[in-house]
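# Coordinates in review
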Amino acid sequence: MTADETRPTPESAPGIDDPAALLPLPEGADLRPHARIAEALLFAAPRPLTPRELAERLPRGCDVGQVLDSLRADYQGRGVHLVKLGEGYAFRSAPDLAPYLTEHRNETRKLSRAAVETLAIIAYHQPVTRAEIEEIRGVALSRGTLDVLLEAGWIGPRGRRQSPGRPLTWGTSDSFLDHFGLGGLDELPGIEDLRAAGLLDSRPAIAAYGARADELPLEEEDDPEDDPEA
Amino acid sequence: MTADETRPTPESAPGIDDPAALLPLPEGADLRPHARIAEALLFAAPRPLTPRELAERLPRGCDVGQVLDSLRADYQGRGVHLVKLGEGYAFRSAPDLAPYLTEHRNETRKLSRAAVETLAIIAYHQPVTRAEIEEIRGVALSRGTLDVLLEAGWIGPRGRRQSPGRPLTWGTSDSFLDHFGLGGLDELPGIEDLRAAGLLDSRPAIAAYGARADELPLEEEDDPEDDPEA
Amino acid sequence: MVTGAEEGAAPDSARLTDLVLDIDGFEGPIDLLLTLAREQKVDLARISILQLAEQYVAFVQQARSLALELAAEYLVMASWLAYLKSRLLLPVEQTTEAEPSGAEMAAALAFQLQRLEAMQRAGRDLMARPRLGREVFANGQPEGIALIATPVYDLGLFDLLRAYGDIRARRETQTLEVQAFDLYSVEEAIRRLRQMLGDCPEWTRLETLLPAEVGSPLLWRSAVSAHFVAVLELARDGRLEVHQEGPGFAPILIRRKEARQ
């Protein structure tokens, strides 16, 4: 076969090319050929192998215990260890190297509109219950919305409201302040600041009832004269 | 994972518990801590890792080439080898131990003769167009031949030839090199001899025959709809 | 390097028949030619193309005598080889420049045969290598390199404030809609006027019929317009007559319209 010419020659593998040469092993013989086979078997196996399973695949007369001991010793202090997992044995990366096998990466994500609004409501109305958030937004909170904010570390529970059902309340965390560059919650701009900054838009629906809005003070904060867009 | 509970404590891992301790490496320092990390990385990775990928995960200032050389030497003669596969490196069982590992062998579908020849032509003549493959084989490629090679992940499109019709060209992939244990295309069996003999020249074959063949429905399969990319 | 020298006997016809019957095993005419060429048992670089052409033509004739159907490309190759053979046998003459000489054509064919043989051998060599998953194995339990993604949200204070501003704006809208129910409805005005029509056989000023208990100016204005619309509705239904003296804001008069029975 021409392929053999380019095949890497097995480096110093004494007498393993012929599997038959391995059968009946004399007492105290070199473990190395068997250790090589066990090493490859444990490496390639899709699950840990028990000593019994190894013995079935190794040449007859081979002391599996000895082979495993010698392999374990070979890998001591290396980046990969031979470990016992239940009844079986397998190679595993050394536990102290776990930090190198873990890649930490920042992943830029976009928050859903619902999450941003919920965060805003929690920030302005804390401590606030889920029901109150839903009332303010006018829609039910979907399951994941609070989870996303919790995972981001921006909100946390703030105890229970002393009202029927004792609902949990939510508030913002220190890392919320960090992220948004706020020295404290009192630095959140008030309603009037928002309006002055053009962040509180009037909706077309208001114009439709404009005649009436002139005469009726709607809410204490909502002085129409202040509205720069009116 | 319950497996972790049975995992032994790392035996004699000198001073690697703190990853930060490894950064800036003095000239001529002990390779061993870095070799351990590279060993674990290569062992854990589900595919070959390039020196660049290793360098990104190793402490700064580490000579990846040296680390790889030392690891390769460590594993020489063992049941598992560190091999170069294309641009990457990976641990693989020693080829001479194949008889002991046959149990893991997943029976791959036998490739047709046409597929084998086509793969060889793509490997040795890449980038090569479908028409050129047909010219070398003297016969039209049947429908499934390229598909089989594509499905195996061994070939991929290599851009279009700047010639009339802008035909798509084909080449081999990294997993081709991985599957056949090749460190690079220059390790293809006998490629140097073939090149020296001029047999890899893109010389058109028997011009007169080819010209007449053009008039025959030989290439009816070669319409653009056949483009496996489409 | 290729000559038309006659070397070796004509191919054994029994052997040819075997080849013909095995036609499905060939990957085209070049592959068949290669098989025939190997029978010459010489280096392909020194193959007798003339002899090869004869063998091939004999093959095609044999196939026809056996009434086997040959693919068109085999017949095309046969005619081309017959042509090549005639070119090789004729004395070399001054041919036109466009037409390659017989020797050139033979050399091109020899090259193609060598090239195909090289690729067939390369394919076999590739397949004979220790292959991943067959002779060589990767880690059967790769632990993988874990990716721990820390989400970083692209959200600034501005976005947060803007969202809160939007919520507040929406709340204002909602409040207005709720209060809008206080407006005097046309339906109510119709109901009210119908009840009062019995007392209006004569022309009556609409404003005297308006409700007195309406509180807010807005509600009163809506009551005026609701009653005006109600008057128009009832007039259309033929239940009352409406009359206005002069233009502009002159008083609107209504009276009951007698049912025609």
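Residues numbered from 1 in each chain as written. Chains lettered and ligands numbered in written order. Predicted model: local features only at pLDDT ≥ 70, side-chain atom pairs only at ≥ 80, totals over all residues. Heavy atoms only, no water.

Let us now look at the environment of L88 of chain C. Residues and elements named next belong to chain C. Within the secondary structure, L88 is located in helix 4 (residues 72-89). Distance from L88 to S101, taken between C-alpha atoms, is 8.4 Å for residues 13 residues apart in sequence. Those residues in contact with L88, other than ones at most four positions away along the chain, are I49, L50, G102, A103 and A106. (Helix = DSSP H or I, 4+ residues; strand = E, 2+ residues; numbered from the N terminus. Contact = heavy atoms within 4.5 Å.)

Moving on, we get to the layout of surface pockets. As a volume, the largest pocket reaches approximately 530 Å³. If you go around the largest pocket, you meet 21 residues; those closest to its centre are R109, K110, L111, S112 and V116 of chain B. Listed by contribution, the elements that provide at least two residues to the lining of the largest pocket are helix 6 (113-125) and helix 8 (143-151) of chain B together with helix 5 (102-128) of chain C. Along the lines of polarity and charge, the residues of the lining of the largest pocket split into seven nonpolar, five polar and nine charged. (1 Å grid on protein atoms, 1.4 Å probe; cavity = no way out; pocket = protein on both sides within 12 Å on 5 of 7 lines; lining within 4 Å. Points joined across faces, edges and corners; volume = space filled by probe spheres on them. Nonpolar A, V, L, I, M, F, W, Y, C, P; charged D, E, K, R; others polar.)

Before going further, it helps to examine the pairing of strand 2 (residues 88-93) of chain B. Residue and element names in this part refer to chain B. Within strand 2, six of the six residues are buried, which leaves it mostly tucked inside the rest of the structure. The alternating pattern of strand 2 places G88, A90 and R92 on one face and Y89, F91 and S93 on the opposite face, and all of these are buried. Pairing analysis gives six bridges linking strand 1 (residues 80-85) to strand 2, with the strands arranged antiparallel. Within strand 2, the residue paired with H81 across the bridge is R92. A loop of two residues connects strand 1 with strand 2, the two strands running antiparallel in sequence, and G86 in this loop sits at a positive phi of about 65°. (Buried < 20%, exposed > 50% of the residue type's maximum accessible area, 1.4 Å probe, protein only. Pairing = 2+ DSSP bridges.)

In total, this model carries two cavities of 30 Å³ or more according to the counting rule given. The wall of the largest cavity is formed by F43, Y75, V80 and F91 of chain A together with F43, Y75, V80 and F91 of chain B. By residue class, the composition of the lining of the largest cavity is eight nonpolar, no polar and no charged.

What is shown is where atoms sit, not what they do.
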